[in-house]
Amino acid sequence: MFTHRFRRLRTAAVAGAFLAALLVPLSGATQAHADNSTTCLPQGTIAVGGGEYTLQANEWNSSAEQCVTSGSGTAWSVSTADFDLPTNGAPATYPSLYKGCHWGACTTDSGLPIQVSDLASATSSWSTVQPASGAYDVAYDIWINSTPTTSGQPDGTEIMVWLNSRGGVQPFGSQTGTSTAAGHNWNVWTGQQTSWKIISYVLQGGGTSFTGLDVKALIDDAVARGSVNPANYLIDAEAGFEIWQGGQGLATNSFSFSATAGGGSGGGGTGTGSGCTAALAVSDQWSTGFTDTVTVTNNGSTPTNSWAVQWTWPDGQQLTSAWNANAAQSGGTVSAGSLSYNNAIAPGGSTTFGLQGTWSGGNGTPTLTCTST
């Protein structure tokens with residue numbers, strides 16, 4: 001199990017101290033602005049990349065000395081640390097680089113917040129240095145909130161993306177599935193905190209760096225699993241190291257995160273066709289809108305090269321957005337097709353995509369047609 005600052009509380013006494021810290025999240029901190037700056041304050045920060053990113057020390061569960069040092073561009077390192085906490089409890093710290101708004105402290109020109117249903121792209125590249133000793137994870141922490149801004153704990157979903165870990169540490173919650181989102185193999189862990197959900201994607205085999213990681217594909221996968229409400233907002237993306245033991249020498253060579261708006265999510269049914277089956281299930285419905293999840297299954301004996309699903313809404317529903325598929329509506333008919341990362345489905349295997357739409361008067365079930373090549 002794990003946590004970091006602003007996450008899980010174990011006792012009432014800890015909760016009181018934690019909430020007091022939340023009221024002044026950067027209490028006693030100063031913010032440096034130059035390359036090769038160092039802060040040893042538990043909540044010290046350093047502006048990097050011209051203020052586009054903030055390096056935060058974020059030591060919240062230990063009094064041991066920790067220092068973080070910025071380098072050129074977005075490079076930084078844990079220059080001093082020698083933690084020694086048990087791995088079955090909370091980590092000592094989560095030093096990290098972030099873009100967006102972290103508990104009301106916002107970086108410049110982040111492009112955030114963006115409503116999840118309107119997310120057109122979100123990509124990241126991250127190169128790390130990982131010492132051979134210690135107990136830590138190398139993880140993104142992506143925050144989703146019900147409103148565009150918050151000065152406290154986000155109330156939507158925390159999406160963690162573990163590139164690697166050592167020392168036997170594990171995500172919060174329990175493993176509930178696997179995923180091939182963003183073209184990689186992940187173990188998926190989910191859990192429920194008091195006021196927010198947590199979903200963690202743990203890279204099978206681990207890695208030290210990524211170029212052009214499709215973060216949107218992971219967010220879309222979390223939407224399809226019911227862990228993220230597409231009406232909520234992406235407000236912050238962080239990348240750093242949760243440390244239980246050791247820690248000195250952990251470093252980022254370079255980091256970037258970019259998100260853009262302008263993305264393109266509808267009712268309940270099944271259908272067959274040539275080589276595949278499509279099943280549509282309602283994920284959520286409210287007075288004027290809904291979200292659906294469509295599961296496409298390969299009924300053939302060879303992997304698919306591509307797939308397409310089509311249906312006609314029975315009650316005049318309107319598609320407003322889609323994820324994990326290229327979808328468009330003409331009149332009452334919707335056509336959705338595979339993308340480059342989910343076009344190949346193994347025999348007997350399946351993939352999912354999500355939809356959001358509006359309705360008035362009725363939200364009846366359409367009949368789906370699925371074809372594959």
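Residues numbered from 1 in each chain as written. Predicted model: local features only at pLDDT ≥ 70, side-chain atom pairs only at ≥ 80, totals over all residues. Heavy atoms only, no water.

1. Some words on the environment of Q175
Inclusion rule: A helix here means a DSSP run of H or I that spans at least four residues, while a strand means a run of E at least two residues long, and both kinds are numbered starting from the N terminus. By definition in these notes, contact holds between two residues if any of their heavy atoms fall within 4.5 Å. We call two N or O atoms a polar contact when they sit within 3.5 Å, provided that within protein one can donate a hydrogen and the other can accept it, with sequence-adjacent residues counted only if both atoms are side-chain atoms.
Within the secondary structure, Q175 sits in strand β14 (residues 174-179). As for Q175 and S200, which are separated by 25 residues in sequence, their C-alpha atoms are 8.8 Å apart. Aside from chain neighbours lying at most four places away, what touches Q175 is N187, V188 and W189. Separated by 3.5 Å, the side chain of Q175 and the backbone oxygen of G177 make a polar contact.

2. As for the packing of aromatic side chains
Put simply, the test is: Ring pairs are drawn from Phe, Tyr and Trp, using the six-membered ring of Trp, whenever the two centres fall within 6.5 Å, and their geometry is named by plane angle: stacked under 30 degrees, edge-to-face over 60, tilted for the rest. A 1.4 Å probe rolled over the protein chains alone gives each residue an accessible area, and that area as a share of the maximum for its type sets the label: buried under 20%, exposed over 50%, partly exposed in between.
With the rule as written, the count across this model stands at 13 aromatic pairs. On the numbers, 5.7 Å between centres and 70° between planes, the contact of Y53 with F255 is edge-to-face. Note that Y53 is positioned in strand β4 (residues 53-56) and F255 in strand β19 (residues 251-261), a separation of 202 residues in sequence. Taking 5.5 Å as the distance between ring centres and 15° as the angle between the ring planes, the aromatic pair formed by W307 and F353 counts as stacked. Of this pair, W307 sits in strand β23 (residues 307-312) while F353 sits in strand β27 (residues 350-358); the two residues are 46 residues apart in sequence, bridging distant segments of the chain. Residue W307 is classed as buried on the basis of its relative accessible area of 3%. Through a chain of ring-to-ring contacts, three or more aromatic side chains come together here, namely Y53, W76, W126, Y140, F241 and F255.

3. Describing the state of the cysteines
Note the threshold: A pair of cysteine sulfur atoms is labelled a disulfide when the two atoms are within 2.5 Å.
By the definition in use, this model includes 3 disulfides. Disulfide pairing is shown between C276 and C370; the S-S distance is 2.0 Å. Judged by the sign of its S-S torsion, about -110°, the cystine formed by C276 and C370 is left-handed. Highlighted residues: C276 in strand β21 (residues 276-285) and C370 in strand β28 (residues 369-372), separated in sequence by 94 residues. A relative accessible area of 2% means that C276 is categorised as buried.

4. Thoughts on the nonpolar core
Defined as follows: By convention a nonpolar core is built from buried Ala, Val, Leu, Ile, Met, Phe, Trp, Tyr and Cys residues, the set being connected through side-chain atoms within 4.5 Å.
Grouped together as the largest cluster of nonpolar side chains are 52 residues, with contacts concentrated most on Y140, I159, L234 and F257. In terms of residue count, the dominant contributor to this core is helix α2 (residues 215-224) (6 residues). Ignoring anything within four residues of it in the chain, the contact list for Y140 reads Y94, S124, S125, W126, I159, M160, V161, L163, L213, E238, A239 and F255. Formed by 21 residues, the second largest nonpolar core is a distinct cluster that contains C276, F290, A325 and F353.

5. Describing the side chain of T304
As for its placement among the helices and strands, T304 is situated in the loop between β22 (289-298) and β23. Among the polar contacts listed, one links the side chain of T304 to the backbone oxygen of N343, at a separation of 2.7 Å. For T304, the side chain forms a polar contact with the main-chain nitrogen of I345, separated by 2.8 Å.

6. Some words on the sheet that holds strand β6 (residues 76-80)
What counts here: Note on pairing: DSSP must find at least two bridges between two strands before they are called paired.
Spatial ordering of the open sheet is given by β2-β5-β6-β19-β11-β17, a layout of 6 strands whose pairing is antiparallel. The sheet terminates laterally at β2 (38-39) and β17 (209-214), the two strands that pair on one side only. As defined by bridge partners, strand β11 (residues 119-129) adjoins β17 across 4 bridges and the pair is classed as antiparallel. Along β17, the bridge assignment pairs T123 with D214.

7. Things to note about the pairing of strand β18 (residues 233-247)
Buried residues dominate β18, accounting for 14 of its 15 residues. As paired strands, strand β7 (residues 82-84) and β18 are joined by 3 bridges and run antiparallel to one another. Residue pairing across strands places D84 opposite Q245, the latter belonging to β18. Sheet topology note: the strand β8 (residues 96-102)/β18 ladder contains 5 bridges and is antiparallel. Looking across to β18, one finds that K99 is bridged to A237. By the bridge criterion, 2 bridges tie strand β10 (residues 114-115) to β18 in an arrangement that is antiparallel. Bridged to Q115 within β18 is Y233. Pairing analysis gives 11 bridges linking strand β12 (residues 135-145) to β18, with the strands arranged antiparallel. Considered in β18, the bridge of Y136 is made with I243.

8. Digging into α2
Where burial is concerned, most of α2 is hidden: 10 out of the 10 residues are buried. The opening residue of α2, the one whose side-chain oxygen lies 3.3 Å from the backbone nitrogen of K216, is D214. Of the residues one or two after α2, G226 is the one with positive phi, at around 85°.

9. Remarks on the confidence of the model for the protein
Should pLDDT be low for a region, the predicted coordinates there are not to be read in detail. How we decide: Across the chain, each position has a pLDDT score giving the predictor's confidence in that residue, from 0 to 100.
Across the protein, the average pLDDT comes to 85, with 87% of residues at or above 70. Confidence over residues 1-30 falls short of pLDDT 50; this stretch has 78 contacts with residues more than four positions distant or in other chains. Low pLDDT, under 50, characterises residues 263-272; the stretch is placed with 59 contacts to residues that sit more than four places away or in other chains.

10. Details of the pattern of salt bridges
The cut-off we apply is this: A side-chain nitrogen of Lys or Arg and a carboxyl oxygen of Asp or Glu constitute a salt bridge if their distance falls within 4 Å.
For the structure on display, the rule yields 3 salt bridges. For D220, the salt bridge identified is with K216, shortest N-O distance 2.8 Å. Residue D220 and its partner K216 are both found in helix α2; the two are separated by 4 residues, about one turn of the helix. Judged on exposure class, the residue D220 and its partner K216 are both buried. The closest approach of N and O atoms between R225 and D221, which form a salt bridge, is 2.4 Å.

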